[in-house]
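Chain by chain, the residues run as shown.
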2 protein chains.
Amino acid sequence: MSTIVAVGSLAFDSIETPFGHVEQALGGSANYFSLGASYFTKVQCISVVGEDFPDSHLQTLKDRGVDTRGIQRARGKTFHWAGRYGYDLHDAQTLNTCLNVFEHFNPEVPEEFRDSEFVFLGNVAPQLQLKVLGQIRRPKCVALDSMNFWISGQREALIEAIRRVDVVIINDGEARQLTQTHNIVEAARNVLAWGPKVLVVKRGEYGALLFDRGEMFSLPGLPLAEVKDPTGAGDSFAGGFLGYLASEEDTGNAALRRAVVYGCVVASFTVQDFGFASLMSQSRGAIEERYRKFVELTRFHV
Amino acid sequence: MSTIVAVGSLAFDSIETPFGHVEQALGGSANYFSLGASYFTKVQCISVVGEDFPDSHLQTLKDRGVDTRGIQRARGKTFHWAGRYGYDLHDAQTLNTCLNVFEHFNPEVPEEFRDSEFVFLGNVAPQLQLKVLGQIRRPKCVALDSMNFWISGQREALIEAIRRVDVVIINDGEARQLTQTHNIVEAARNVLAWGPKVLVVKRGEYGALLFDRGEMFSLPGLPLAEVKDPTGAGDSFAGGFLGYLASEEDTGNAALRRAVVYGCVVASFTVQDFGFASLMSQSRGAIEERYRKFVELTRFHV
């Protein structure tokens, strides 16, 4: 079992959906990733929060086994994201992104984290992702997530970061925007030509698609009778996905396929409630039970 | 092996996509269904064409083993549909629907067809679907397809038809529109409460979803490097799906799951070219080869 060093945001989110809205909810890519991965392995979290961020939430992360020594507290306000979802609960429309303490964030990876072999570069500025990666001594499997904010604002820097990683995890709209092509197979060819061995395309309620050195794997989403809030689904997917790989210390094709299933399992819990209420209250047994639901959902005799 | 009696349209289609357009192309739900099913069993086709419909195309259907004795030729023009697809090639925007000879169509099922146990009620007016069904002596498995044109125009009549069938095959947007609910699991519950045992939800590039007496099965679509025209994908899906079931004379859950795969196989050929050029030029071997691609695409170790 390997630990994972993960950089990403801790944030306050304001979210509108047709089924309700929340203001200043705790969130962020590092939060959702860490909680998702916590069912599989120990996450060493790198992030920054402002003076307004509650200590109690850092304790919540610790209670899930997350190592919070890499989370700095800086003067000013915590990162804030405001978004809105329509009835399809698919792509978020970003209403506002306030970087706040992330504007002057200089990530410092604690000495105790630097021998981790699994690294997650969550959705923060590409240069911050590379600053973290540069401090890891012998990374074996580096996964990167990003979003439209960076694709439209810092595309070249993002591609530079992508050239340095093994696995890219983005959603279908982002894959198309990043590669400036419509067809998803074509988009995958472009991303893999930049260097990564693996691309995972997240597709919301439609599951996920894996491109791994010439092989494709596709998993449909689990149809749920109630979906409340997709925020954090993608980051918690990445947590389940990379958490499983790190726990097995295996990045072969069979492990990658299973990791996609675990990613979708974790994301399916996330969307069932606002924020991370459902995500953080599962057990490993509940994870395995839902894994079997995916087996039931997808099996057919050859 | 059972034959299938299938009613549906034979049509001229005018189609715009971002990748090209065609005018007055041969099409229609009966055409795509029959060609899709022709790889599995004999289809007995019920339809009507106008004076402008070419004999050569009836010969094309016969060459694929389709029994065309139930196709009437009437005074006037053949059914015409005009539609447009955007870059996602997902839902068609209907630009124009001219029923023409379908306005006064009185379907007559030839005596030789009336003992068929498998029936496909393709996308025509609900009362025409019921007129055909009423002429079948001992139907064992009746599947119905429809589209937004009838859902918005004749919803009550359509629900009456649905109450009489075993399998409903529609796309996700239609399922939501028909049941006036957003969630697809909820939509399925509503449709099955009307009487059918099985609902198949077609999802375009995302594959298909099967609800069968409490069990769910989901198959992702096969990612294709080139998709030219989705017209007929849904009807040819139904052809592969019901064609397989009729060829096996089996409607158990395992057969239904395999039938969904065959439906997606056939539809994946349809979309690779405009019209039915690709759909009609396959072999049973090519169908089986692509079935194995779906196995490769979806398998994971438990």
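Here the structure is a predicted model, which is why all the values come from computation and not from measurement. (Residues numbered from 1 in each chain as written. Chains lettered and ligands numbered in written order. Predicted model: local features only at pLDDT ≥ 70, side-chain atom pairs only at ≥ 80, totals over all residues.)

Trainee: I keep staring at the relation of the copies chain A and chain B and nothing clicks. Help me out?
Mentor: Two copies of a chain can be linked by a rotation about an axis combined with a shift along that same axis. Superposition of chain A onto chain B requires a rotation of 180° combined with a translation of 0.0 Å along the rotation axis, giving an RMSD of 0.0 Å. Here the copies are linked by what is in effect a two-fold axis. In terms of C-alpha distance to the rotation axis, chain A has Pro 220 of chain A as its closest residue, with the C-alpha 2.7 Å off the axis. Take the interface residues of chain A: 100% of them recur as interface residues in chain B, which is what a same-surface contact looks like. (Least-squares fit on C-alpha atoms with pLDDT ≥ 70 in both. Contact = placed C-beta atoms within 7 Å.)

Trainee: What is the right way to look at helix H1 (residues 29–37) of chain B in this model?
Mentor: The α-helix advances 3.6 residues per turn, and as a result positions three or four apart in sequence lie on the same side. Most of H1 of chain B sits inside the fold, with nine of its nine residues counted as buried. Regarding H1 of chain B, the residues found buried are Ser 29, Ala 30, Asn 31, Tyr 32, Phe 33, Ser 34, Leu 35, Gly 36 and Ala 37 of chain B. (Buried ≥ 20, exposed ≤ 12 C-beta atoms within 10 Å, placed from the backbone. Helix = DSSP H or I, 4+ residues; strand = E, 2+ residues; numbered from the N terminus.)

Trainee: Looking at this structure, I do not really get the sheet that holds strand E7 (residues 93–98) of chain B. What am I missing?
Mentor: Backbone hydrogen bonds are what pair the strands of a sheet, in a parallel or an antiparallel way. Residue and element names in this part refer to chain B. With mixed pairing, the four strands of this open sheet are ordered in space as E3-E2-E6-E7. Strands with a single pairing partner mark the edges of an open sheet, and in this sheet they are strand E3 (20–27) and E7. For this sheet, the mean angle separating the axes of adjacent strands, direction not counted, is 15°. The pairing of strand E2 (residues 11–17) with E3 spans six bridges and is classified as antiparallel. Within E3, the position partnered with Ala 11 by the bridge is Gly 27. (Pairing = 2+ DSSP bridges. Axes fitted to C-alpha atoms, helices over the stretch in contact; angles between N-to-C directions.)

Trainee: What is the right way to read the packing of helix H9 (residues 253–270) of chain B against helix H10 (residues 284–298) of chain B from this model?
Mentor: Residues and elements named next belong to chain B. Contact geometry of H9 with H10 gives a least axis separation of 9 Å together with a crossing angle of 115°. In terms of axis orientation, H9 runs roughly perpendicular to H10. Of the two possible hands of crossing, H9 and H10 adopt the one that is right-handed. Contacts from Val 261, Tyr 262, Cys 264, Val 265 and Ser 268 of H9 reach H10 at Ile 287, Arg 290, Tyr 291 and Phe 294. Broken down by class, the residue content of the contact of H9 with H10 amounts to seven nonpolar, one polar and one charged. (Parallel < 35°, antiparallel > 145°, perpendicular 65-115°, else oblique. Left-handed = near helix turned anticlockwise from the far one by under 90°. Nonpolar A, V, L, I, M, F, W, Y, C, P; charged D, E, K, R; others polar.)

Trainee: Whenever I open this one, the interface of chain A and chain B confuses me. Can you help?
Mentor: Contacts between chain A and chain B engage 27 residues on the former and 27 residues on the latter. Looking at the side of chain A that touches chain B, its residues break down into 18 nonpolar, six polar and three charged.

Trainee: Whenever I open this one, the pairing of strand E10 (residues 167–171) of chain B confuses me. Can you help?
Mentor: Residues and elements named next belong to chain B. With five of five residues buried, E10 lies mostly within the body of the structure. Residue alternation in E10 divides its side chains into two sets, Val 167, Ile 169 and Asn 171 and Val 168 and Ile 170, and both sets are buried. With three bridges connecting them, strand E9 (residues 141–145) and E10 associate as parallel partners. Across the sheet, Leu 144 pairs through a bridge with Val 168, a residue of E10. Note: E10 against strand E11 (residues 198–202), five bridges, orientation parallel. Residue Ile 169 lies in a different strand from E11, and its bridge partner there is Val 200.

Trainee: Is there a simple way to explain the environment of Val 185 of chain B in this structure?
Mentor: In this structure, Val 185 of chain B sits in helix H7 (residues 184–193). Val 185 of chain B sits 57 residues away from Leu 242 of chain B along the chain, and the two C-alpha atoms are 23 Å apart.

Trainee: Any chance you could explain the confidence of the model for chain A here in plain terms?
Mentor: Detail in the predicted coordinates should be disregarded across regions flagged by low pLDDT. With 100% of its residues at a pLDDT of at least 70, chain A reaches an overall mean of 95. Interface predicted TM-score (ipTM) for the complex: 0.93; the corresponding pTM is 0.95. (pLDDT = per-residue confidence, 0-100.)

Trainee: Please clarify how the pairing of strand E11 (residues 198–202) of chain A should be interpreted in this entry.
Mentor: In the case of a regular strand, side chains alternate between the two sheet surfaces. Residues and elements named next belong to chain A. Buried residues dominate E11, accounting for five of its five residues. Burial along E11 is two-sided: the residues Val 198, Val 200 and Lys 202 and Leu 199 and Val 201 are all buried. Sheet analysis places E11 next to strand E12 (residues 208–212), joined by five bridges and oriented antiparallel. Across the sheet, Val 201 pairs through a bridge with Leu 209, a residue of E12. Linkage of E11 to E12, two consecutive antiparallel strands, is achieved through a turn of five residues, within which Gly 204 is found at a positive phi near 60°.

Trainee: Could you clarify how one ought to interpret the sheet that holds strand E1 (residues 4–7) of chain A in this entry?
Mentor: Residue and element names in this part refer to chain A. What the nine strands build is an open sheet, ordered E5-E4-E1-E8-E9-E10-E11-E12-E13; its pairing is mixed. One side of each edge strand has no neighbouring strand; the edge strands of this open sheet are strand E5 (67–73) and strand E13 (215–219). Neighbour-to-neighbour, the strand axes of this sheet turn through a mean angle of 15°, independent of strand direction. Examined bridge by bridge, E1 and strand E8 (residues 118–121) share four bridges and lie parallel to one another. Within the sheet, the bridge partner assigned to Ala 6 lies in E8 and is Phe 120. Against the sheet, helix H6 (residues 172–179) makes contact with strand E10 (167–171) and E11, and its axis sits at roughly 110° relative to E10, the strand it touches most.

Trainee: Help me out: how do you make sense of helix H8 (residues 233–248) of chain A in this one?
Mentor: All names here are of chain A. For H8, spanning 16 residues, the distance from its first C-alpha to its last is 23 Å, which sits close to the expected 22 Å at 1.5 Å a residue. Taking burial as the measure, the 16 residues of H8 include 15 buried ones, the bulk of the element. After H8 finishes, the residue Glu 249 shows a positive phi value of roughly 45°. (Expected span 1.5 Å × (residues − 1).)

Trainee: For this particular structure, what's the right way to read the environment of Gln 129 of chain A?
Mentor: With respect to the secondary-structure elements, Gln 129 of chain A resides in helix H3 (residues 126–133). Given 30 C-beta atoms within 10 Å, Gln 129 of chain A falls into the buried group.

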